[in-house]
Amino acid sequence: MIQPHTLQQALQPIVADTVDKLCLIKQCTRLTAGASAATWLIATNLQPLILRLEAGGEQFGTCVGKTMEAKTQQAAAGAGAPVAQVYHILEQHPQLGNGYLMQALSGESLAPKILKAPHLQAARDQLTTQCARALAQIHRIDTGTLHFLPVQDAATQLHDLLQMHRGFGETLPVFSLAFRWLQDNIPPCSRHTLVHGDFRLGNLLVNEDGLNGILDWELTHLGDPMEDLGWLCVRAWRFSQPEKAVGGFGDRSTLFAAYTTASGVSVNPNHVRYWELFGTLKWGVICQYQAHRYLSGQVRSVEQAAIGRRVAETEYDMMQLLHSIAEE
């Protein structure tokens, strides 16, 4: 792992060239130790910066590289979405490898605080509409400029998830039922757009004015735009507010109406419900993956072992969704 003083020496010329010639790095602090990215807070005399570097560890699913992640974030900024400005993209840097340097935005990212903090009540009241507008901005980006991104439609993702699920050697009837229903009921998709891929609390920065930043573009791809709306409605991302279907802070009708107004595209609630079930199944496979890494001895993480217990939660959620679909 790169040391802070080594990073500072390697990064200082880049900061001076791309941010401001008078910008001096004062301190570099590692923020996370994720499998696919190492995130650093770069304190300077002018403004805080964020550096994201490829970590080179094992990762779930199809993560794009940091170069593609940065270029996608730049495209989102150009479309008016609330994202950090990317100052510089690192490609095969001799000391830092691949990554990108960007603006550090203010805001809270921890879901419990976003959902409960009294000073964020006004932000919560408008967050559903702001999320819908941001997604509309993302989905209208010209995909011709994003030819480097993989196409991940429902059929492709289901195939990959099923292969991964089977690789864990578990027979889970609820998972089998969900896979079969999703395979048999893939909704028609009239347009492929940019999809964020992980648009939910935890990857959103919220301040007193509402949505101030969209983070973590590493799962971005081209696909069905309704995937982003369905993922935002997955029960796992509601945290302490399960009765509020949209991220624990809003309702589906407000999300759909605001998205239609912002995008000019009518939302079929059943289409989004498909992706909500898909997202619940996907989260279940992710929970299996985390537990498998621990049980197989790949990592010694109590957190990942504990996440494995949440597989049962996703089974309950999938049965609830399938029941509600059958009643409609």
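Treat the numbers as computed from the prediction; the structure is a model and nothing was measured. Position labels on residues start from 1 in each chain and follow its written sequence. Side-chain atom pairs in this predicted model are given and counted only at pLDDT of 80 or more, local residue features only at pLDDT of at least 70, and totals for whole chains, interfaces and linings cover all residues. Calculation of side-chain values draws on the structure's entire complement of heavy atoms; hydrogens and water are dropped beforehand.

Caption draft 1: How the structure looks around the sheet that holds strand β4 (residues 86-93). On the basis of which strands lie adjacent, the open sheet formed by five strands has the order β1-β2-β3-β5-β4 and antiparallel pairing. With partners counted over all chains shown, the strands left at the sheet margins are β1 (25-30) and β4, one partner each. With strand direction ignored, the average angle separating the axes of adjacent strands in the sheet is 20°. Here helix α1 (residues 4-18) sits on the sheet and contacts β1, β2 (37-44), β3 (49-54), β4 and β5 (97-103); the angle it forms with β1, its principal contact strand, is near 125°. Being paired, for any two strands, means DSSP has found at least two bridges between them. Helix and strand assignments come from DSSP, with helices taken as H or I runs of at least 4 residues and strands as E runs of at least 2, each series counted from the N terminus. Helix axes use the C-alpha atoms of the stretch in contact, all axes being lines fitted to C-alpha atoms, and the angles between their N-to-C directions lie in the range 0 to 180 degrees. We call two residues contacting when some pair of their heavy atoms lies within 4.5 Å.

Caption draft 2: Geometry of the packing of aromatic side chains. Ring pairs are drawn from Phe, Tyr and Trp, using the six-membered ring of Trp, whenever the two centres fall within 6.5 Å, and their geometry is named by plane angle: stacked under 30 degrees, edge-to-face over 60, tilted for the rest. This structure, assessed with the given rule, holds five aromatic pairs. Aromatic side chains W181 and Y274 sit 6.0 Å apart centroid to centroid with 35° between the ring planes, which places their arrangement in the tilted category. Of this pair, W181 sits in helix α6 (residues 173-184) while Y274 sits in helix α9 (residues 269-295), and the two are 93 residues apart along the sequence. Residue classification places W181 among the partly exposed residues on the basis of a relative accessible area of 24%. Only protein chains enter the accessibility calculation, which uses a 1.4 Å probe; a residue is then buried when its area is under 20% of its type maximum, exposed when over 50%, and partly exposed in between.

Caption draft 3: Fine view of the nonpolar core. Throughout, nonpolar core names a set of buried Ala, Val, Leu, Ile, Met, Phe, Trp, Tyr and Cys residues whose side chains join them through atoms within 4.5 Å. I214, L229, F249, L255, Y259 and L281 are the most contacted members of the largest nonpolar core, which totals 72 residues. With 11 residues, the top contributor of residues to this core is α9. The residues touching Y259, leaving out its near neighbours within four places in the chain, are A132, L135, A136, H139, R191, P225, M226, L229, G264, V265 and V267. Ranked by size, the runner-up nonpolar core spans 19 residues in total, among them C23, C28, L53 and Y87.

Caption draft 4: Main features of the environment of V83. Its place among the elements puts V83 in the loop between α2 (66-78) and β4. The sequence separation of V83 and N212 amounts to 129 residues, and the corresponding C-alpha distance is 7.5 Å. Setting aside residues no more than four positions away along its own chain, V83 makes contact with Q73, A76, A77, L105, I214 and W217.

Caption draft 5: Molecular detail of helix α5 (residues 154-167). To estimate how far a helix should extend, the number of its residues minus one is multiplied by 1.5 Å. The end-to-end C-alpha distance of α5 is 20 Å, a good match for the 20 Å that 14 residues give at a rise of 1.5 Å each. Those residues of α5 lying buried are A154, Q157, L158, L161, L162 and H165. Viewed end-on, α5 has its buried residues packed into an arc of 135°, placing them on one side of the element. The exposed set on the far side of α5, more than 90 degrees from its buried face, consists of R166 and G167. Where α5 is buried, its residues contact α6, β9 (221-223), α7 (226-232) and α9. Of the residues trailing α5, G169 is marked for its positive phi of about 75°. Arc definition: directions from the helix axis to the C-beta atoms.

Caption draft 6: Here's a closer look at the environment of G202. In this fold, G202 is placed in the loop between β6 (193-195) and β7 (204-207). In sequence terms G202 and L215 are 13 residues apart; their C-alpha atoms lie 8.4 Å from each other.

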